[in-house]
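Commentary on secondary and tertiary structure
Residue strings, one per chain:
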Amino acid sequence: MQSLSLPFSLWRRYRLASLALGANTWLVLAALFWTLSANRLFLGAALQGRSAAEPASWGFALALLLLVFSLHLLLLGLLATRWTLKPLLVLLTLGTAFASYFMQAYGVFLDPSMLRNVWRSDAAEARELLSPALLLHLLLYAGLPLLVLSRLRLRPEPSWLRAAGRRLALLGLALLTALASLFSIYQPFSSLMRNNKELRYLITPANYLWSGAAVAIGEARGAAHPRQPVGLDAAPGPSWAQRRKPLVLVLVVGETARDANWGLSGYARQTTPELAQLGVANLGPVLACGSNTEVSLPCMFSAVGRRDYDEARIRGQDSLLHVVARAGVSVQWRDNQSGCKGVCAGLPSEQVDAQNAPGLCAEGRCLDEGLVHDLGQRLQAAQGTQLWVLHMLGNHGPAYHRRYPREFARFQPECRSDDLQQCTAQQIVNAYDNALLYTDHLLARTIAQLKAQADKVDSLLIYVSDHGESLGEHGLFLHGLPYAIAPTVQTRVPMVAWASPGFAAGAGLAGDCLRRALQPQAQRPVSHDHLFHTVLGLLDVRSRVHEPAWDLSQGCRS
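The present account deals with the structure reproduced in this document.

Rules used throughout
Residues numbered from 1 in each chain as written. Predicted model: local features only at pLDDT ≥ 70, side-chain atom pairs only at ≥ 80, totals over all residues. Heavy atoms only, no water. Pairing = 2+ DSSP bridges. Helix = DSSP H or I, 4+ residues; strand = E, 2+ residues; numbered from the N terminus. Contact = heavy atoms within 4.5 Å. Axes fitted to C-alpha atoms, helices over the stretch in contact; angles between N-to-C directions. Disulfide = S-S within 2.5 Å. Buried < 20%, exposed > 50% of the residue type's maximum accessible area, 1.4 Å probe, protein only. Salt bridge = Lys/Arg side-chain N within 4 Å of Asp/Glu carboxyl O. Phe/Tyr/Trp six-rings, centres within 6.5 Å; stacked < 30°, edge-to-face > 60°. Lys NZ or Arg CZ within 6 Å of the ring centre and 35° of its normal.

Quick look at the sheet that holds strand E16 (residues 495-499) now. Read from one edge to the other, the open sheet built from seven strands follows the order E5-E16-E12-E4-E11-E7-E8, with strand pairing classed as mixed. Pairing within the sheet leaves two strands with one partner each, and these edge strands are strand E5 (281-282) and strand E8 (349-351). Packed on one face of the sheet, helix H22 (residues 529-538) meets strand E4 (247-254), strand E11 (385-391) and strand E12 (458-465) and runs near 165° to E4.

Structure below.
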């Protein structure tokens, strides 16, 4: 049996190795493979609501396939040369396999904000996304095609002139096919894309190529222009001269905490038992600036926020931290995540790691208690007016079980895998809720330390998450959907506040008024847009950039 299989194997390898194809044939095969293997989500979304029994649905589907195929053929035909063909196909095959897996596994859209998230991910974050399911997907959709690719030879063209003519003919045929396909379905297709603009980010690999180019161009433009100053007139208000104690505002930026699972907001489970005992003000649900950190973090610290959203303007201007620092506030950013996204550029900042948070770090990640391990010492040394920003790792998925010590694993059974597909829906929710329990503990511990120093330091704590999270609802996981279609669980986040007895007087505010201002009111829904102007008001920083209508403490100035 072995003697028969060996000649057959050698013959098959010889046939495959001797197969030579022209460059244009390679391009056609690659575009066809990606159209059929990586665009299931796009076709499913585009055909939603259409009946398979109607011939028009089949015609629409065929036209879509031809349109996607022609689009990628045009793209490849413009980029590939005889010398770049193989490297280009290798890179795109790998990139498309990764893209299709994460799109299918988590329901993400590869728009520019998601690509910016990918580029800014650190090694620990990327490692948590690795799984056996990803490896199997890569073997099928990258490994096998690359094996075939390695056995093929590029057939030489008789002359460059003939090669150029054939390439132009291919591009012309692809363009005609795309136009004919588009013309045949123009009315329903234009309506579909006009009403569902996010669908374009499901066309793979065009989605990540377009989005990646958009991010690269945006970053280059941003680097070429200096940050525009905001609040050049920022100055301390009258209350500064009357303060008898240091004043500290601790701003805790949560990660991936959604208001739907926040105990203080009425969740069926008590995920905030310690905060519930402290009488903190719960202001949620708060409308987030974005559905991912790359968008939300710069937005929530900007003067314009979501109500007048302009990404280039937000990223190109000073943040809240620069404005208050200009007035004389001592600012420090402490990070347990992937950086401040430009919010703290040029200001004092530090990263939590094993050296400054002993016993709290493992495998490149630290527990969030590393943010406050020395809070007592910092309070004792505090002088003047301080703003300390603590950027949490929080509920960052998919490895929710890695975000808390084992004593907080109270909701069982929990998902103990980094691959959410290996867990039931209830196990995922249990692990997520356990991480919220740890956030609750961290905030309660922080408040306890602020209370302990209340006779020496006037303090206020604000906690607000950057965005929410999907836990399997409608087949979606994690976060980062385009804001226009993001579900409320990704855009409604918790926010709490606590003030020491002396803070209101130290900030020049009426105490009773401040307590009322920090309570939720039906007629005044709170959003990330309030943060910039409320912090200016609480710290009594005067500037023309301050908008009283967005300051929750407005009217409490004594």
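Moving on from the model shown.
Enumeration according to the criterion identifies five disulfides in this entry. A disulfide bridge connects Cys 289 with Cys 299, and the sulfur atoms are separated by 2.5 Å. Residues Cys 289 and Cys 299 are joined through a disulfide that is left-handed, its torsion about the S-S bond being -65°. Highlighted residues: Cys 289 in the loop between strand E6 (286-287) and helix H14 (293-300) and Cys 299 in helix H14, separated in sequence by 10 residues. The disulfide partner of Cys 513 is Cys 556, and the S-S distance across this bridge is 2.0 Å. The chirality of the disulfide connecting Cys 513 with Cys 556 is left-handed, given an S-S dihedral of about -75°. With Cys 513 in helix H21 (residues 511-517) and Cys 556 in the segment after strand E17 (541-542), this pair connects stretches of sequence that are 43 residues apart. Overall, the relative accessible area of 16% leaves Cys 513 in the buried class.

Once that is clear, we can look at the pattern of salt bridges. Pairing between side chains becomes possible if they bear opposite charge and their charged atoms approach one another. Applying the stated criterion to the full structure yields 22 salt bridges. Taking the shortest distance from any N to any O, the salt bridge between Arg 544 and Asp 233 comes out at 3.6 Å. Of the two residues, Arg 544 sits in the segment after E17 while Asp 233 sits in the loop between helix H11 (206-224) and strand E3 (235-236), which places them 311 residues apart along the sequence. Relative accessible area serves as the criterion here: at 72%, Arg 544 is assigned to the exposed category. Each of Arg 116, Glu 294, Glu 311, Arg 315 and Lys 341 takes part in one network of salt bridges that share partners.

It is worth spelling out the packing of aromatic side chains at this point. Here the structure, examined in full by the defined rule, presents six aromatic pairs. Here the aromatic rings of Phe 102 and Tyr 106 are separated by 6.1 Å at their centres, their planes lie at 15°, and the arrangement is stacked. Of this pair, Phe 102 and Tyr 106 both sit in helix H5 (residues 85-106), four residues apart, roughly one helical turn. Here Phe 102 and Tyr 106 have matching classes, each one buried. Ring centres 5.4 Å apart and planes at 90° place the aromatic pair Tyr 400 and Tyr 432 in the edge-to-face group. Remark: Tyr 432 occurs in helix H18 (residues 425-452) and Tyr 400 occurs in the loop between E11 and H18; sequence separation between them is 32 residues. Overall, Tyr 400 belongs to the buried group, its relative accessible area being 1%. Taken together through their ring pairs, the aromatic side chains of Tyr 101, Phe 102 and Tyr 106 make up a single cluster. Its end group placed over the ring of Tyr 309, Arg 306 keeps NZ or CZ at 4.3 Å from the ring centre. Just above the ring of Trp 388 sits the side chain of Arg 378; from NZ or CZ to the centre is 4.3 Å.

These figures come from the coordinates and say nothing about function on their own.
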